[in-house]
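# Observations on the model geometry
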Amino acid sequence: MVSFVKSLVGRLFGGAGEAPPQVEEAVPYKDFRIRPAPYPSRGQHQTAGVIEKDFPDGPREHRFVRAETHASRQEAIDFSVRKAKQIIDEQGDRLFGDR
């Protein structure tokens, strides 16, 4: 399990020898921007993305990876956006830790 999590995190944050995920165009939602960033994983596409928000002291971002995989990249993009909206609705500015 630990190696699986390390692999997911490594892929999202540009692990050694691996190309970083291709981040899609931002999708605005409330005061946030959602950038889906699914990546290939064992013949599927992993749910992943970045949630961004501008604050007076500068922009902040929260990266996420979820266990769900999808047959097509577009399915993963669509699901990543839905998942990010759910995360925003549940956590709001708390995503960024010190808010």
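This text goes with the structure placed above it.
### Remarks on the pattern of salt bridges
- On inspection of all chains with the given rule, the structure shows seven salt bridges.
- Between Glu52 and Arg33 there is a salt bridge, with the nearest N and O atoms lying 3.0 Å from each other. Of this pair, Glu52 sits in strand β4 (residues 44-55) while Arg33 sits in strand β2 (residues 32-36), placing them 19 residues apart in sequence.
- With a relative accessible area of 12%, Glu52 lands in the buried category.
- Classification of Arg33 by relative accessible area gives partly exposed; the value is 24%.

### Observations concerning the pairing of β4
- Most of β4 is tucked away: 10 of the 12 residues are buried.
- Summarising the sheet, β2 and β4 pair through five bridges and their orientation is antiparallel. The residue of β4 that forms the bridge with Arg33 is Glu52.
- Here three bridges tie strand β3 (residues 39-41) to β4, and the two strands are oriented antiparallel to one another. Note that in β4 the partner of Tyr39 across the bridge is Gln46.
- Taken together, β3 and the strand that follows it, β4, pair antiparallel across an intervening segment of two residues, in which Arg42 is found at a positive phi of about 55 degrees.

Rules and cut-offs
Residues numbered from 1 in each chain as written. Predicted model: local features only at pLDDT ≥ 70, side-chain atom pairs only at ≥ 80, totals over all residues. Heavy atoms only, no water. Salt bridge = Lys/Arg side-chain N within 4 Å of Asp/Glu carboxyl O. Helix = DSSP H or I, 4+ residues; strand = E, 2+ residues; numbered from the N terminus. Buried < 20%, exposed > 50% of the residue type's maximum accessible area, 1.4 Å probe, protein only. Pairing = 2+ DSSP bridges.

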